[in-house]
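For reference, the chains in residue letters:
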Amino acid sequence: LKNFRFSISWPRIFPLGTGAINYAGIDFYNRLIDCCFKHNITPWVTLYHWDLPYTLQLSDGWCNRDVVNHFEDYVSVCAKAFSDRVQNWMVLNEPLAFTFLGYFLGWHAPGIRNPGKFCGAVHHATLAQACGARVLKTYKPSLEVGTTFSCTAIFSETSSDKDEKARVVADALLNRLFIEPTYGLGYPLNELPFLNRIEKYFLSGDERLLPFDFDFIGLQNYSREVIKYASWIPFLHARNVPASKRNVPFTDMDWEVYPESIYLMLKKFASYNSAKPIIVTENGAAFKDELINGVVNDDLRVDFLKSYLGQVLRAKREGINVNGYFIWSLLDNIEWAEGNTKRFGIVYTDFKTLERTVKKSGWWFKEFLSR
């Protein structure tokens, strides 16, 4: 492995979200970065992967516009501390996930179900994304700065008008909500009328603060979604049909194994007039791995990676500007609400002893990279 993507923890740098800097945290990341270079590994740093300092959440978290200023201060400290060695940066990891799952569905922290607060979180995350990028570029213009978006190919369950309308709504939410304001196209309000309440959070001049000319866009794809109309789902009137209910192959996350999804999303992201180079910053699968006699035979993951990488190559051969690929993930780790029950790694983690064992997929990936 010659490239390693990792995130910096905001609370590790600012335990209170703002104010006093924790220099022991900065020292930790300096050692990590130096270790990467010692082993000829290029670090790729993500500035925010969902760990908001708790004290900021007590002040309404991403729903409070002050979070943008606090994030700016945090990014400034990181730029000063690490940009002498770190060239490649990603500002946010999947802003849709931490806003929609955290403030609309309430499945992830902070566990809020409030469409109005969701709109505030969306707007402030988009502002922070552009603000963080500006800080990095102002500090050192030669840095390669991107951000990452989750995305999924959307299909309707049937060809009915209602299901097709539900598909359009789901696509606007899951695939367009953050990338379009980043490209200066605004929020997809026509398809998501409830987002009109986002106007409450706008201040004069915000329209020019939302876009940013990133050097690359990180695309994160795992599967596709099949959507059907659901009158009882508030605001969206659309719901996902679980893969386990559709007689298709699926992972331990109940996500369909559908390799063409990543090809379709590469095409979609590349179709914008102002499209930037794309790097696949996450792709992988969780399966019920077992360590038996020191070996993990995760053939399903090997097949998954082969098929999805084949679709990335297909897109590249068709002229799509995709320039890199990161597996999610190197190690089995904590998968948010699912804890340590879902294993995405190509290296097995014993969560009691923390002993690591390279899986069959890890050995396959090593061989693949050496070709």
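Residues numbered from 1 in each chain as written. Predicted model: local features only at pLDDT ≥ 70, side-chain atom pairs only at ≥ 80, totals over all residues. Heavy atoms only, no water.

Brief notes about the pattern of salt bridges
In plain terms, the rule: Counted as salt bridges are all cases of a side-chain nitrogen of Lys or Arg within 4 Å of a carboxyl oxygen of Asp or Glu. Comment: elements are numbered from the N terminus, with helices defined as DSSP H or I runs of at least four residues and strands as E runs of at least two. Accessibility here uses a 1.4 Å probe with only protein chains present; expressed as a share of the type maximum, an area under 20% marks a residue as buried, one over 50% as exposed, and anything in between as partly exposed.
Per the counting criterion, the structure on display carries 25 salt bridges. We note a salt bridge from aspartate 60 to lysine 117, for which the minimum N-O separation is 3.1 Å. Separated by 57 residues along the polypeptide, aspartate 60 in the loop between α3 (54–57) and α4 (66–82) and lysine 117 in helix α6 (residues 115–139) bring together distant segments of the chain. Lysine 117 sits in the partly exposed class, given a relative accessible area of 25%. The salt bridge involving glutamate 180 is made with arginine 176; its shortest N-O contact spans 2.8 Å. Classification of glutamate 180 as buried rests on a relative accessible area of 9%. Classification of arginine 176 by relative accessible area gives buried; the value is 16%. Ionic contacts of the salt-bridge type, sharing partners, join the residues Asp289, Asp298, Arg301, Asp332, Arg343 and Lys359 into one network.

Considering α6
Because an α-helix packs 3.6 residues into every turn, residues spaced three or four apart end up facing the same way. Rules: In a helix, the anticipated span is given by 1.5 Å times the number of residues less one. In protein, a polar contact requires one atom able to donate a hydrogen and another able to accept it; more generally it is a pair of N or O atoms within 3.5 Å, and residues adjacent in sequence count only if both atoms are side-chain atoms.
In this model α6 runs 36 Å from its N-terminal to its C-terminal C-alpha over 25 residues, within 8% of the 36 Å that 1.5 Å per residue would give. Among the 25 residues that make up α6, 21 are buried, leaving the element largely enclosed by the rest of the structure. Two or three places before glycine 116, at the opening of α6, asparagine 114 has a side-chain oxygen 2.9 Å from that residue's backbone nitrogen.

Overview of the sheet that holds strand β3 (residues 88–92)
Stated formally: For two strands to be treated as a pair, DSSP must find at least two bridges joining them. What counts as an axis is a line fitted to C-alpha atoms, over the stretch in contact for a helix, and the angles between N-to-C directions run from 0 to 180 degrees.
Pairing is parallel in the open sheet, where seven strands are placed in the order β1-β2-β3-β4-β6-β9-β10. Strands with a single pairing partner mark the edges of an open sheet, and in this sheet they are β1 (3–7) and β10 (322–325). For this sheet the average axis-to-axis angle between neighbouring strands, irrespective of direction, equals 30°. By the bridge criterion, five bridges tie strand β4 (residues 144–150) to strand β6 (residues 216–220) in an arrangement that is parallel. Paired with phenylalanine 149 across the strands is leucine 219, a residue of β6.

Details of the side chain of aspartate 252
Filter applied, for reference: Should any heavy atoms of two residues lie within 4.5 Å, those residues are considered in contact.
With respect to the secondary-structure elements, aspartate 252 resides in the loop between β8 (238–240) and α10 (260–270). Separated by 3.0 Å, the side chains of aspartate 252 and lysine 288 make a polar contact. For aspartate 252, the contacting residues outside a window of four places in its chain are Ala286, Phe287, Lys288, Thr341 and Lys342.

Quick look at the packing of helix α2 (residues 23–38) against α4
Stated precisely, the cut-off is as follows: Put simply, angles under 35 degrees are roughly parallel, angles over 145 are roughly antiparallel, angles from 65 to 115 are roughly perpendicular, and the rest are oblique. Two helices that cross are described as forming a left-handed crossing if the nearer one is turned anticlockwise from the farther one by less than a right angle, and a right-handed crossing if clockwise. Three residue categories are used. Nonpolar comprises Ala, Val, Leu, Ile, Met, Phe, Trp, Tyr, Cys and Pro, charged comprises Asp, Glu, Lys and Arg, and polar comprises the others, including Gly.
For the pair α2 and α4, interaxial distance at closest approach is 11 Å and the crossing angle is 45°. What the angle tells us is that α2 and α4 run oblique. In the packing of α2 onto α4, the handedness of the crossing is right-handed. From α2, Ile26, Tyr29, Asn30 and Ile33 reach across to α4, where they touch Val77, Ala81 and Phe82. A per-class count over the contact of α2 with α4 returns six nonpolar, one polar and no charged.

Thoughts on the nonpolar core
Test applied: Buried residues of nine kinds, namely Ala, Val, Leu, Ile, Met, Phe, Trp, Tyr and Cys, make up a nonpolar core once their side-chain atoms join them within 4.5 Å.
Among the nonpolar cores identified, the biggest contains 100 residues, and Trp10, Trp62, Phe71, Tyr74, Phe82 and Phe118 are the most heavily contacted of them. Of the residues forming this core, the biggest block, twelve residues, is contributed by α6. The contacts of phenylalanine 82, once residues within four sequence positions are left out, are Ile8, Ile26, Tyr29, Asn30, Ile33 and Trp89.

So, unusual backbone geometry
Negative phi values dominate among residues other than glycine, just as trans dominates among peptide bonds. Between alanine 109 and proline 110 the backbone carries a cis peptide bond, its omega angle lying at 10°. Geometrically, the link from tryptophan 328 to serine 329 is a cis peptide bond, its omega value of 5° lying close to zero. Locating serine 329 in the fold gives a position in the loop between β10 and β11 (347–349). With a phi angle near 80°, tryptophan 50 is a residue other than glycine that sits in the positive phi range. Positionally, tryptophan 50 belongs in the loop between β2 (42–48) and α3. Overall, tryptophan 50 belongs to the buried group, its relative accessible area being 15%. For asparagine 293, which is not glycine, the phi dihedral falls at a positive 55°. A relative accessible area of 77% means that asparagine 293 is categorised as exposed.

A look at a nonpolar patch on the surface
Filter applied, for reference: The patches reported here contain residues having more than 30% relative accessible area and no salt bridge. Joining distances are 9 Å for like charges and 5 Å for nonpolar side chains (Val, Leu, Ile, Met, Phe, Trp, Tyr). Here the accessible surface of atoms and residues is derived via Shrake-Rupley with a 1.4 Å probe, and residues count as covered only by protein chains that are part of the display.
On the surface, Leu1, Leu330 and Leu369 cluster together into a nonpolar patch covering about 260 Å² of accessible area. Looking at where leucine 330 falls in the secondary structure, it is placed in the loop between β10 and β11. According to the relative accessible area criterion, leucine 330 is partly exposed, its value standing at 32%.

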